Every structure is written in structure tokens, then in C-alpha cells.
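Chain by chain, the residues:
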Amino acid sequence: MLDSKYLRSELAETAARQATRGFVLDVEKISALEEQRRELQVATQELQNQRNSKSKAIGQAKARGEDIAPLLAEVDGLGAELDRAKIQLDAVLAELDAIAATIPNLPDLSVPVGSDEHGNVEVRRVGSPRQFDFEVKDHVALGEALDKGLDFESAVKIAGSRFVVMKGQIARLHRALTQFMLDLHTEQHGYTEMYVPYLVNKDSLYGTGQLPKFGADLFHTQPATEEGVGMSLIPTAEVPVTNLARDRIYDLTELPVKMTAHTPCFRSEAGSYGRDTRGLIRQHQFDKVELVQLVHPSQSMAALEALTGHAEKVLQLLELPYRVMLLCTGDMGFGSCKTYDLEVWLPAQNTYREISSCSNMGDFQARRMQARFRPEEGKKPELLHTLNGSGLAVGRTLVAILENFQQADGSVAIPAALQPYMGGKTVIA
RNA sequence: GGAGAGAUGGCAGAGUGGUUUAAUGCACCGGUCUUGAAAACCGGCGAGGGUUAGUAGCCCUUCAAGAGUUCGAAUCUCUUUCUCUCCGCCA
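Residues numbered from 1 in each chain as written. Chains lettered and ligands numbered in written order. Predicted model: local features only at pLDDT ≥ 70, side-chain atom pairs only at ≥ 80, totals over all residues. Heavy atoms only, no water.

A.B. asks: Give a detailed account of the overall build of chain A, specifying residues and quantitative values.
C.D. replies: A count of helices and strands for chain A gives 13 helices and 17 strands. The buried share among the 429 residues of chain A stands at 47%. Residue pairs in contact within chain A that sit at least 24 positions apart in sequence constitute 73% of those at least 6 positions apart. When the accessible surface of chain A is summed, it comes to about 20,600 Å², and 51% of that surface belongs to carbon and sulfur atoms. Taking the 46 positively charged and 57 negatively charged side chains of chain A as two groups, their mean positions are separated by 2 Å. (Helix = DSSP H or I, 4+ residues; strand = E, 2+ residues; numbered from the N terminus. Buried < 20%, exposed > 50% of the residue type's maximum accessible area, 1.4 Å probe, protein only. Contact = heavy atoms within 4.5 Å. Areas by Shrake-Rupley, 256 points an atom, 1.4 Å probe, with all protein chains shown as cover. Lys, Arg positive; Asp, Glu negative; His and termini not counted. Charge placed at Lys NZ, Arg CZ, Asp CG, Glu CD.)

A.B. asks: Account for the nonpolar core, naming residues and giving values.
C.D. replies: Soluble globular proteins: nonpolar side chains tend toward being buried together. By size, the foremost hydrophobic cluster in this structure holds 51 residues, and its most contacted members are Leu173 and Ile401. In terms of residue count, helix α8 (residues 168-187) provides more of this core than any other element does, eight residues in total. In contact with Ile401, not counting residues within four places along its chain, are Leu173, Leu177, Leu318, Leu320, Gln406, Val412, Ala413, Pro415 and Leu418. (Core = buried A, V, L, I, M, F, W, Y, C linked by side-chain atoms within 4.5 Å.)

A.B. asks: Give a description of helix α3 (residues 27-63) that names residues and reports values.
C.D. replies: For α3, with 37 residues, the first-to-last C-alpha span of 54 Å sits near the 54 Å given by 1.5 Å per residue. Of the residues making up α3, those classed as buried are Ile30, Leu33, Glu34, Arg37, Leu40, Thr44, Leu47, Ile58 and Ala61. The first or second residue beyond α3 is Gly65, which carries a positive phi of 80 degrees. (Expected span 1.5 Å × (residues − 1).)

A.B. asks: Report on the protein's contact with RNA strand B, specifying residues and quantitative values.
C.D. replies: The full set close to RNA strand B counts 21 residues, and Arg8, Gln48, Arg51, Ser55 and Arg372 are the nearest of them. In the environment of RNA strand B, a phosphate oxygen lies 2.9 Å from a nitrogen or oxygen atom belonging to the side chain of Arg8. Asn52 places a side-chain nitrogen or oxygen 3.2 Å from a phosphate oxygen of RNA strand B. Going through the elements one at a time, α1 (4-9), α3, α4 (69-75) and β13 (371-374) are the ones with two or more residues in the surface near RNA strand B. With 12 residues, the single largest contributor to the surface near RNA strand B is α3. Across the surface near RNA strand B, the residue classes break down as four nonpolar, seven polar and 10 charged. (Near = heavy atom within 4 Å. Polar contact = N/O pair within 3.5 Å; in protein donor to acceptor, adjacent residues only side chain to side chain. Nonpolar A, V, L, I, M, F, W, Y, C, P; charged D, E, K, R; others polar.)

A.B. asks: Can you tell me about the pairing of strand β15 (residues 385-393), naming the residues and giving the values?
C.D. replies: Most of β15 sits out of view: nine of its nine residues are buried. With seven bridges connecting them, strand β9 (residues 285-295) and β15 associate as antiparallel partners. Residue Lys288 lies in a different strand from β15, and its bridge partner there is Ala393. (Pairing = 2+ DSSP bridges.)

A.B. asks: Summarise the domain arrangement of chain A; cite the residues concerned and give the values.
C.D. replies: Domain boundaries in chain A define domain 1 (26-101) and domain 2 (117-428). The centre of domain 1, based on its C-alpha atoms, is set 48 Å off from the matching centre of domain 2. (Domains from an automatic or database assignment.)

A.B. asks: How would you sum up the packing of aromatic side chains? Please name residues and give values.
C.D. replies: Enumeration according to the criterion identifies six aromatic pairs in this entry. Both rings, one in Phe334 and one in Phe364, keep their centres 5.4 Å apart while their planes meet at 85 degrees; by these two values the pair is edge-to-face. Remark: Phe364 occurs in helix α12 (residues 364-369) and Phe334 occurs in the loop between β10 (322-326) and β11 (338-346); sequence separation between them is 30 residues. Ring plane angle 70 degrees and centroid distance 5.0 Å describe the contact between Trp345 and Tyr352, whose orientation is recorded as edge-to-face. Overall, the relative accessible area of 9% leaves Tyr352 in the buried class. Through a chain of ring-to-ring contacts, three or more aromatic side chains come together here, namely Phe214, Phe334 and Phe364. Sitting over the face of the ring of Tyr206, Arg368 holds its NZ or CZ atom 4.6 Å from the ring centroid. (Phe/Tyr/Trp six-rings, centres within 6.5 Å; stacked < 30°, edge-to-face > 60°. Lys NZ or Arg CZ within 6 Å of the ring centre and 35° of its normal.)

A.B. asks: An account of the sheet that holds strand β1 (residues 121-126) is needed here, citing residue identities and associated values.
C.D. replies: If you walk across this open sheet you meet the eight strands as β1-β10-β11-β12-β15-β9-β8-β4, and the pairing is mixed. Each of the sheet's edge strands pairs with one partner strand only, and the pair in question is β1 and β4 (192-194). Geometrically, the sheet is characterised by an average inter-axis angle of 25 degrees between neighbouring strands, direction not taken into account. Sheet strands touched by helix α11 (residues 300-317): β1, β8 (257-266), β9, β10, β11, β12 (351-360) and β15. Its angle to β15, the strand with the most contacts, is close to 10 degrees. (Axes fitted to C-alpha atoms, helices over the stretch in contact; angles between N-to-C directions.)

A.B. asks: So what's going on with helix α2 (residues 11-19)? Which residues, and what values?
C.D. replies: An α-helical segment advances 3.6 residues per turn. Residues three or four places apart therefore align on the same side. Those residues of α2 lying buried are Leu11, Thr14, Ala15, Arg17 and Gln18. Along α2, the residues classed as buried sweep out an arc of 165 degrees about the axis, all on the same side. On its buried side, α2 packs onto α1 and α3. (Arc of directions from axis to C-beta.)

A.B. asks: Account for the packing of α8 against α11, naming residues and giving values.
C.D. replies: Interaxial distance between α8 and α11 falls to 10 Å at its minimum, and their mutual angle equals 130 degrees. The orientation of α8 with respect to α11, classified from their angle, is oblique. When the axes of α8 and α11 are compared, the crossing they make is right-handed. Contacts from Phe180, Met181, Leu184 and His185 in α8 reach His310, Ala311, Lys313, Val314 and Leu317 in α11. When grouped by side-chain class, the residues that make up the contact of α8 with α11 number six nonpolar, two polar and one charged. (Parallel < 35°, antiparallel > 145°, perpendicular 65-115°, else oblique. Left-handed = near helix turned anticlockwise from the far one by under 90°.)

A.B. asks: Account for the pattern of salt bridges, with residues named and values stated.
C.D. replies: This model, assessed by the stated rule, comprises 18 salt bridges. Lys86 serves as the salt-bridge partner of Asp90, at 3.7 Å between the closest nitrogen and oxygen. One end of the pair, Asp90, and the other, Lys86, are both in helix α5 (residues 78-101), four residues apart, so they sit about a helical turn from each other. By relative accessible area, which is 37% here, Asp90 ends up partly exposed. (Salt bridge = Lys/Arg side-chain N within 4 Å of Asp/Glu carboxyl O.)

A.B. asks: Tell me what's going on with the sheet that holds strand β14 (residues 382-383), and back it up with residues and numbers.
C.D. replies: Read from one edge of the open sheet, three strands run β7-β13-β14, paired in mixed fashion. With one partner strand each, in any of the chains shown, β7 (248-251) and β14 form the two edges of the open sheet. As defined by bridge partners, β13 adjoins β14 across two bridges and the pair is classed as antiparallel. Directly across from Arg372, in β14, lies its bridge partner Leu383.

This is the structure in C-alpha cells:
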């Protein structure tokens, strides 16, 4: 959510910057509503003021034992008038809120302008794709051949498409990756490990920006109605972890807060029919190790670089070739003001595929969830900045390991950094 | 799941229809005093919003959340959420 005062005073500027995202801001409607809001709010508060002072006068008169009938006659009709004004004001406020809640974050000025992923800029490339002297298999073929370690048929029977059953060494590799990532971030990068709920309430989804606009991307325990109190499966640990800061005021000394969590993530993938239908790339349920930081506003851009580096470190230690993309205005997520995507090399697809997305949300989420810090004892609290990134998506990392470390006989070598987590095994066959 | 008790500012805690403009204490901030500190004393001290050139003043909202009764609600009524105690069940 953008600052309503800023939106009001810099409406044209905001509209121009939103346009670079391909988002059209209805300037005329907003200014018309804003004018109504101001008139109605002033009128309503004036009526409330009258009611308060007159009610108080009645109380004082009564205490003195005077006749209060004339005073009661004076307030007659005030209540009805106030009700009318309040209904009008609430309607305008609700309309303004509904618009505000659907406006994306302003892109940072360092973000390249572009309309879609073709506008993204490659920042750096690390490692080089391995040359194979045999025909590479994709992870689906490799996983099935390894004692049905990846079993999509069974998953279809149990649940449906876009699920997987893992077995034996592949299941262990999947777990090893998770443990490896958590240990790296907690021991080397200074994050605190968190265990959080996988079901969250509506307020949390609103806080991180999934609601009101993207409810269709989630699985809900009940239809998410206006009044419904149903819970939703988390699409990412970003939701529960970032919402730990909701309605909190941190001491300056507590910042930065750096948290990591391993959770399953659940996504409906509505509207992605036919895309990535084969294999582990796009699942309804996948595991992810998430990195979240809550920082002082002046530190958030530096923190984004650091956080991205923490995610990259996983790829480096796993000896996986990757590149870093700076997303352009048109390809960024709703709440982000700057995003780096990490893309890992997948030999079977002969391309780089997204494995992590690291974003600085600025104060966008913090304003929605009133996540603040006190800059100085006795001073007013200010909004902090929130960041998050995948460190990494576990399923896609498994894909990358299988494909990049495959050998001619169909076995898969284990990167040295992972071997301690695999009971010392150097290869799975 | 059953029975009961609760939810008030950073914390503790008073308040059961009208000088409550939420008492008081602790913590915190400023000052007096002091070589300095402590103590004592004096003053200040929640959050969100509106108006405005304004971090001034004035005003509105806020006592778990929502709805209601009333001229007036922290206080009365209803609903919801959460916490605690006991019982049952369970990993």
C-alpha cells in the first residue's frame, strides 16, 4: 500500500511511475473521491464534536440537578444526521481503500523500465554450464530411473496433477538440500530459524499483499468471503514470517531482524494450465527455504544486495551455474520496488530457470501491516522496510542437482557440500 | 468437545451509565539540586486519523474485534476471536 498522503499530493507523479509497470491509475476518480472524502470527513467530525460536547453538558446539568429536557431537545435529530453523514463517509472511504489496496508498489528508480520479462537485465553470470559427452536426460527421466525416486503417477492417484511422491535416495536428497540451506543461513549468514503455521488468516494475507487481489492463486479452507474467517494455505513462508512484524513496534536495537524458515508452499496455479506440466518445476505443493529481513529504511537496498548474495551462496556451494536477473518494471511482483531473480542452468531445457526471487518491498507491506520501529526513545514510530527471497526453492534445486550432476549411466553425483547431509554418499545410483 | 473465569496504554493495575479529558504505580524522557551519580522534588510521557504552511493549535477515533441500546458506553446487551483453570479426547 502506498502512503495515502503521498498518493494525494503526488497523484500525477505516482500515475506516471505506475504506468511503467503497465498499471493504469484512475487519477480523475481518485481525486474526485478524495474531495468527497475531505468534505464528508470534516462534516462528520464536526457533528461528532457537537454530540460529544452537548452530551457532556447534559451530564453536568444532571449532576447539578437541573432540568435536562431543553438540552435533550437540542440534540434531537443530531444522531440521525450523524448516522447519515457516517454512512456516506464510510462508503467513500471504503471505495478509496479498495482502490488503494490494489495499487502496486512504486518501482525504485534504479529498476529498468520494460513491459515484460524481455526487459529484464542480466546482472552477472556465475559458473559455466557443463559440457556433456552423452545425451542428457531431464530430471523426470532421471528420477524415475533411480528406483522410482520421483513418482508422478502415484501422486496423480493420491492427489492429482502437479504433485509428486518422492522415495528413497531422492527423498533423502530433497531433505538434505533443506537441511543444508537452513544450516548455511543460520550458521554463516546470521538468520534465525523459525517454525511457523502453514495456514494463515486473512489479515496476514492482506499484510503481505496476496489479498485482496490474488486470492485465486491460493488454496483456501473455506471460500474467502468478505466476512469469512476461513484460513488459507501459505503460498510462501514470506506470509507467516513477515507477518510476525504486524502491529509491532521494534526497538532500533532489534534491527535488522533476519529470519529463515523452511515450509511447504501451496499454490493453485490457476491460469497456468499447460505450462510446465512435466516434472517438478511447477507444483501445487513444493518446499522452500525463505529468507526474510526487517530493516531500517536507509538499509533496505544494501540488505537486498546482501540477501541476494545469501541465496546465491547456496548455488555456489552446490556448484550450480546460474545468472542474476534484475527484473524490469513490468515483470516485478505486486509489492516489490526492486527484485533480483536467480536463474539456475537446466541442461535438459538448455536454459536458465528461476530458482529464487529476492525482493525489497520497501515500506509497502509494512504500511499494510503497521510494522514499525521507534527511531529514538520518545520519537514517533516509523514504518520499517521488509525484504524476502527464496534461499532456495527446494524442488527446483533438486531438479538442478539431478540434471547438472547426471552421469552417463544414469547415476547422479552428489556435490561435495551436500555429502555430509547424505551420510557421506558421493553418488546415488 | 463440556463447565467456568477473563481480555484496560511498554508493564502492573483502578474504574460497573455522565467533573474519566482512562486514576495510581513502575519503566522511560526533560528539568531543579549535585564535582558527578543516586535519592528527593517539579514537569512530560500510548496509537491512528482530519484540518493546516506546520513536528503549532484545535478536532475525531481507539479500553480484544464487530454489531446494538442511549442525548451520552471502558462500564449494559448480542456475536466473534483469543487467554487462563478444570474435565474429556489426542500426537
